[in-house]
Amino acid sequence: MSGEEEENAAELKIGDEFLKAKCLMNCEVALILDHKYEQLQQMSDDPMNQISQVFEKSLQYVKRFSRYKNPDAVRQVREILSRYQLAEFELCVLGNLCPETVEEAIAMVPSIKTKGRAHDDEAIEKMLNDLSLIKKFE
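My aim in this report is to walk through the structure given alongside it, one point at a time.

Rules of the game
Residues numbered from 1 in each chain as written. Predicted model: local features only at pLDDT ≥ 70, side-chain atom pairs only at ≥ 80, totals over all residues. Heavy atoms only, no water. Phe/Tyr/Trp six-rings, centres within 6.5 Å; stacked < 30°, edge-to-face > 60°. Helix = DSSP H or I, 4+ residues; strand = E, 2+ residues; numbered from the N terminus. Buried < 20%, exposed > 50% of the residue type's maximum accessible area, 1.4 Å probe, protein only. Lys NZ or Arg CZ within 6 Å of the ring centre and 35° of its normal. 1 Å grid on protein atoms, 1.4 Å probe; cavity = no way out; pocket = protein on both sides within 12 Å on 5 of 7 lines; lining within 4 Å. Points joined across faces, edges and corners; volume = space filled by probe spheres on them. Nonpolar A, V, L, I, M, F, W, Y, C, P; charged D, E, K, R; others polar. Salt bridge = Lys/Arg side-chain N within 4 Å of Asp/Glu carboxyl O.

1. Points about the packing of aromatic side chains
And step 1. This structure, assessed with the given rule, holds two aromatic pairs.
And step 2. Aromatic side chains Tyr37 and Phe55 sit 6.4 Å apart centroid to centroid with 10° between the ring planes, which places their arrangement in the stacked category. Highlighted residues: Tyr37 in helix α2 (residues 26-42) and Phe55 in helix α3 (residues 53-64), separated in sequence by 18 residues.
And step 3. Taking the relative accessible area as the measure of exposure, Tyr37 reaches 24% and is therefore partly exposed.
And step 4. For the pair Tyr61 and Phe65, a centre-to-centre distance of 4.8 Å together with 50° between the ring planes defines the contact as tilted.
And step 5. Residue classification places Tyr61 among the partly exposed positions, given a relative accessible area of 47%.
And step 6. If you follow Lys135 out to its NZ or CZ, it ends over the ring of Tyr68, 5.7 Å from the centre.

Laid out in structure tokens, this is it:
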């Protein structure tokens, strides 16, 4: 991104490094950290494999703020959101915050309504309905 152009997430001007970065939702991070935690627990006899307080706090945080707990639901959320050609960070914001209305989704991620993108209110509504079905049947 040039030095002259100001970053603005509402317009999806977030810098090339962010646009190309792979982002994870809290629920995905929780699955990864939970798996690592189980591995560390199995090796806990070794004093060199102590679980750090930062690791435990991070795991508690992502578990607390994860909207989806079931690994299949987590996979389905990413699949559904990926169908809408969202930027990675848009996908993660919507997956983490789970807006219930089109207005909430646009307020949280204004860039989904910017010019040139195919996200009209009906498409956003369908996306939110698909996500709520996953949550309902989880």
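2. Here we look at the layout of surface pockets
And step 1. In this structure, the largest pocket encloses a volume near 180 Å³.
And step 2. Considering only residue class, the lining of the largest pocket consists of five nonpolar, two polar and three charged.

3. A few points about unusual backbone geometry
And step 1. Phi is positive for Gln85, which is not a glycine, with a value near 50°.
And step 2. Looking at where Gln85 falls in the secondary structure, it is placed in the loop between α4 (71-82) and α5 (88-97).
And step 3. For Gln85, a relative accessible area of 65% corresponds to the exposed category.
And step 4. Positive phi, normally seen in glycine, also occurs at Cys98, with a value near 50°.
And step 5. Here Cys98 falls in the buried class, since its relative accessible area comes to 18%.

4. Remarks on the pattern of salt bridges
And step 1. Taken as a whole, this structure holds nine salt bridges when the rule is applied.
And step 2. Its salt-bridge partner being Glu28, residue Arg78 comes within 2.5 Å of it at the nearest N-O pair. Here Arg78, found in helix α4, pairs with Glu28, found in helix α2; they are 50 residues apart in sequence, far enough to count as distant. Each of the two residues, Arg78 as well as Glu28, counts as buried.
And step 3. In this structure, Glu88 and Arg78 form a salt bridge, with 3.3 Å as the shortest nitrogen-oxygen distance.

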